[in-house]
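Summary of the model geometry
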Amino acid sequence: MSELNRDFLWGIASDACQGEGAWNEGGKGPSLHDVLTPGSKGVVRKATYRNILTNETGAESIHFDPEGRNLVLPDNCVLDVLDNVYYPSHEATDFYHHYKEDISLMAEMGLKLYRTSFNWARVFPNGDDEFPNEEGLKFYDDVLDELLRNGIEPMITLYHMDIPLNVINKYGGWKNKEVIDMFVRYAKILIERYKDKVRYWLAFNEINCDEMMPFYYLGLVNNSRNDIFNGIHNHFVAAAKIKEFVKEINRKYDKQIMLGQMIAGDPIYYYTCDPKDILHVISYKHRYFDFYSDVQLLGEYPRSIKRFFESEGITIDASEEELELIRNNTLDYIGFSCYGGITLTSDPKKAEATGGNIFSGVKNPYLTYTDWGWANDPTCLRIALNQLYDHYHKPLFIVENGLGTYDKISEDGKIHDDYRIEYLKSTFQGIKDAINVDGVDVRGYTLWGGIDIVSAETGQMSKRYGLVYVDKDNEGNGSLDRCRKDSFFWMKDYIKSNN
Ligand code: BG6
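Residues numbered from 1 in each chain as written. Predicted model: local features only at pLDDT ≥ 70, side-chain atom pairs only at ≥ 80, totals over all residues. Heavy atoms only, no water.

Some points on the site of the ligand
Around the ligand, 16 residues are found, and the nearest of them are Q18, E206, N357, K463 and Y465. Within the side chain of H160, a nitrogen or oxygen atom sits 2.9 Å from an oxygen atom of the ligand. One nitrogen or oxygen atom from the side chain of N357 is found 2.6 Å from an oxygen atom belonging to the ligand. Its residues assigned to classes, the shell around the ligand shows seven nonpolar, five polar and four charged. (Near = heavy atom within 4 Å. Polar contact = N/O pair within 3.5 Å; in protein donor to acceptor, adjacent residues only side chain to side chain. Nonpolar A, V, L, I, M, F, W, Y, C, P; charged D, E, K, R; others polar.)

The structure is reproduced here in structure tokens:
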């Protein structure tokens, strides 16, 4: 049985498009997040575009329609960065220029793991360039060296919603099979270059959100439902090809590099014990959760999704060779995000609707909800850890979790975030219990946005998860100064007393 001991990796997490900034510095090309305007609770974000014939510009809302589209652009329009528009990701919280300071704050807390993503467009500005951008790679060299110098192990996501704009505009995003090899080339360059520095890689962030968010996760615009499932299949093929390469590198250089699956792993709760609710949850889980993990961890398309494709008339362009590749290259571990249980009912009229991380449901009477409508649910992790381990028996990393809420600077200039400390106390107890009582193989935990970042859903700064406050507001004003919240000191003590 595993135990929460010295080997357990405590850390924080972030990603390039919400933290890195420097969107057009160091040779980086524009990517998806660079055309997103801010929203707020209940106000969706928009993507900006330009008409290639008339040069007219505009912005279109991102939302889900019954055809399975997130973004519908007028004819002859491509995504483009416009003048005089505020884009939260352009500067984000400027990790690009603050990485030394941020890493030293991590070290001060005694953290041992930092999960972040590399931006495809920093390495290949257009996605399909002949040569990688050395200046972009040099930045990642420096970040990794700084982490390792501080005794912090990097965990790198290869793709966190940051597809180069050119790959969307010219190739139509992930529905196009040409994108697979473009992406695999990028991944191979990184894995080879960093074979002595990075042990843990994650393929696609929250791959099980591809269907629900085809624009963000697959770079699809004006798509059909068929495009979505072909894009998902292309993600599976790309991840399997990368895994095949990881095995080659491990053999050749005697390494133990691991490629993980990353899913949105919020547990699903039944609203009532009505058998209809139970059946509803089973089919929801089949479609939005098990499908992805069965393919990536067990190597097979499950029967439930095959039946779903048949009944919906969805056809996947999958060759025998690709299916074989997927079968022979299952991923090594599960990294998952978990923010709070999603409560579902077969009859939505029974309860009040609420939001959550991508998947929304109804309000659970046993939980409280944040100002953004996400469940405040510290027990969710222990539940998710057990369910995932029971099903797949693979090592687990919690790579996103936290409480996204408002923080206020008090008169003494400090941030007294006792609500976050309370949340973390019970959450960490849940992880300990999953390990020590339930015997789940959990290897590490990274708190999402441990140094404040821009929210993905709304583009706001005011939805904060961090232990460190970054001085920046929703309109982009602020000094970017970092300030330790009370939770920073609590975390530091917690790690010390648990090591
Ligand atoms: C996950 C994403 O869906 O949720 C992150 O992987 C995101 O990128 C996180 O930031 C929290 O969402 P939000 O909208 O609060 O930033």
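Now that the structure is up, let's keep going.
What to know about unusual backbone geometry
The phi angle of most residues is negative, glycine excepted, and most peptide bonds adopt the trans form. One non-glycine residue, E206, lies in positive phi territory at about 45°. Along the chain, E206 turns up in the loop between strand 7 (200-204) and helix 8 (214-218). The phi dihedral of I358 falls on the positive side, at around 65°, and the residue is not glycine. Positionally, I358 belongs in the loop between strand 12 (353-354) and strand 13 (361-362). (Helix = DSSP H or I, 4+ residues; strand = E, 2+ residues; numbered from the N terminus.)

Re the packing of aromatic side chains
Given two aromatic rings, their pairing is described by the distance between the two centres and the angle made by the two planes. One pass over the structure, following the stated rule, counts 49 aromatic pairs. Ring plane angle 45° and centroid distance 4.6 Å describe the contact between W10 and F428, whose orientation is recorded as tilted. Here the residue W10 occupies a position in strand 1 (residues 9-13), and F428 occupies one in helix 14 (residues 418-436), the gap between them amounting to 418 residues. Judged on exposure class, the residue W10 and its partner F428 are both buried. Cluster of aromatic residues (ring-pair linked, three or more members): F95, Y96, Y99, Y114, F118, F139, Y140, Y194 and W201. One Lys or Arg, K195, reaches over the ring of Y253 and ends 4.6 Å from the middle of that ring. Positioned above the aromatic ring of F488 is the side chain of R484, whose terminal nitrogen or guanidinium carbon lies 5.4 Å from the ring centre. (Phe/Tyr/Trp six-rings, centres within 6.5 Å; stacked < 30°, edge-to-face > 60°. Buried < 20%, exposed > 50% of the residue type's maximum accessible area, 1.4 Å probe, protein only. Lys NZ or Arg CZ within 6 Å of the ring centre and 35° of its normal.)

Description of helix 14
Taking 1.5 Å of rise per residue, the 19 residues of helix 14 would be expected to cover 27 Å, and the 27 Å separating its terminal C-alpha atoms lies within 8% of that figure. Inspection of helix 14 places R420, I421, Y423, L424, T427, F428, G430, I431, A434 and I435 among the buried residues, and these make up the whole buried set. Summarising the contacts, the buried residues of helix 14 are in contact with strand 1, strand 15 (375-376), helix 13 (380-392), strand 16 (396-400), strand 17 (442-448) and helix 15 (486-497). (Expected span 1.5 Å × (residues − 1). Contact = heavy atoms within 4.5 Å.)

Here we look at the pattern of salt bridges
Under the criterion given, the structure shown has 38 salt bridges. A salt bridge links R69 to D65; its shortest N-O distance comes to 2.9 Å. The class for R69 is partly exposed, based on a relative accessible area of 25%. On the basis of relative accessible area, D65 is assigned to the buried category, the value being 14%. Among the ionic pairs, R382 bridges to D433, the shortest N-O distance being 3.6 Å. In this pair, R382 is assigned in helix 13 and D433 in helix 14, connecting sequence segments 51 residues apart. Linked through salt bridges whose partners overlap, the residues forming this network are D407, D417, R420, D452, R464 and K485. (Salt bridge = Lys/Arg side-chain N within 4 Å of Asp/Glu carboxyl O.)

Some details on the pairing of strand 2 (residues 46-51)
Bridge analysis of strand 2 against strand 3 (residues 57-61) gives five bridges, and the strand direction is antiparallel. Across the sheet, residue T48 finds its bridge partner in strand 3, namely A59. Hairpin geometry of strand 2 and strand 3 is characterised by an intervening segment of five residues between the two adjacent antiparallel strands and by a positive phi of about 70° at N55. (Pairing = 2+ DSSP bridges.)

Here we look at the sheet that holds strand 5 (residues 113-117)
Spatially, eight strands are ordered 1-5-6-7-8-10-16-17 in a closed barrel, and the strand pairing comes out parallel. With direction set aside, neighbouring strand axes in the sheet form an average angle of 25°. Sheet analysis places strand 10 (residues 333-337) next to strand 16, joined by four bridges and oriented parallel. Bridged to S337 within strand 16 is E400. Strand contacts of helix 7 (residues 178-193): strand 6 (153-159) and strand 7, with the helix running at about 165° to strand 6, the strand carrying the most contacts. (Axes fitted to C-alpha atoms, helices over the stretch in contact; angles between N-to-C directions.)

Quick word on the packing of helix 5 (residues 134-149) against helix 7
Running from amino to carboxyl end, helix 5 crosses helix 7 at an angle of 45°, the nearest separation of the two axes being 12 Å. Relative to helix 7, helix 5 is oriented oblique. For the element pair helix 5 and helix 7, the recorded crossing hand is right-handed. Contact residues: helix 5 offers E134, L137, K138 and D141, while helix 7 offers I189, L190 and R193. Tallied by class, residues from the contact of helix 5 with helix 7 come to three nonpolar, no polar and four charged. (Parallel < 35°, antiparallel > 145°, perpendicular 65-115°, else oblique. Left-handed = near helix turned anticlockwise from the far one by under 90°.)

What about the sheet that holds strand 4 (residues 77-79)?
The antiparallel open sheet is built from three strands, whose spatial order is 3-2-4. If you trace the sheet from one side to the other, it starts and ends with strand 3 and strand 4, each paired once. Neighbour-to-neighbour, the strand axes of the sheet open up by a mean angle of 40°, direction not taken into account.

So, the pairing of strand 6
With six of seven residues buried, strand 6 is to be regarded as a mostly interior element. Inspection of the sheet shows strand 5 paired to strand 6 by five bridges, in the parallel sense. Looking across to strand 6, one finds that L113 is bridged to E153. Looking at chain direction, strand 6 and strand 7 are connected through four bridges and run parallel. For I156, the partnering residue across the bridge sits in strand 7 and is W201.

Some remarks on helix 12 (residues 320-328)
What sets the pattern is the α-helix's 3.6 residues per turn: residues three or four places apart point alike. For helix 12, the complete set of buried residues consists of E322, L325 and I326. When helix 12 is viewed along its axis, its buried side chains cluster within an angular range of 95° and face the same direction. Those residues of helix 12 that are exposed and aimed more than 90 degrees away from the buried face are E320 and E321. Residues of helix 12 that are buried make contact with helix 9 (225-253) and helix 10 (275-298). (Arc of directions from axis to C-beta.)

Considering the environment of L82
On the secondary structure map, L82 appears in the loop between strand 4 and helix 2 (88-91). We classify L82 as buried; its relative accessible area is 11%. The spatial distance from the C-alpha of L82 to the C-alpha of V35 is 8.0 Å, given a sequence separation of 47 residues. If near-sequence neighbours (up to four positions away) are discounted, L82 is found in contact with T48, Y49, R50, T57, G58 and Y87.

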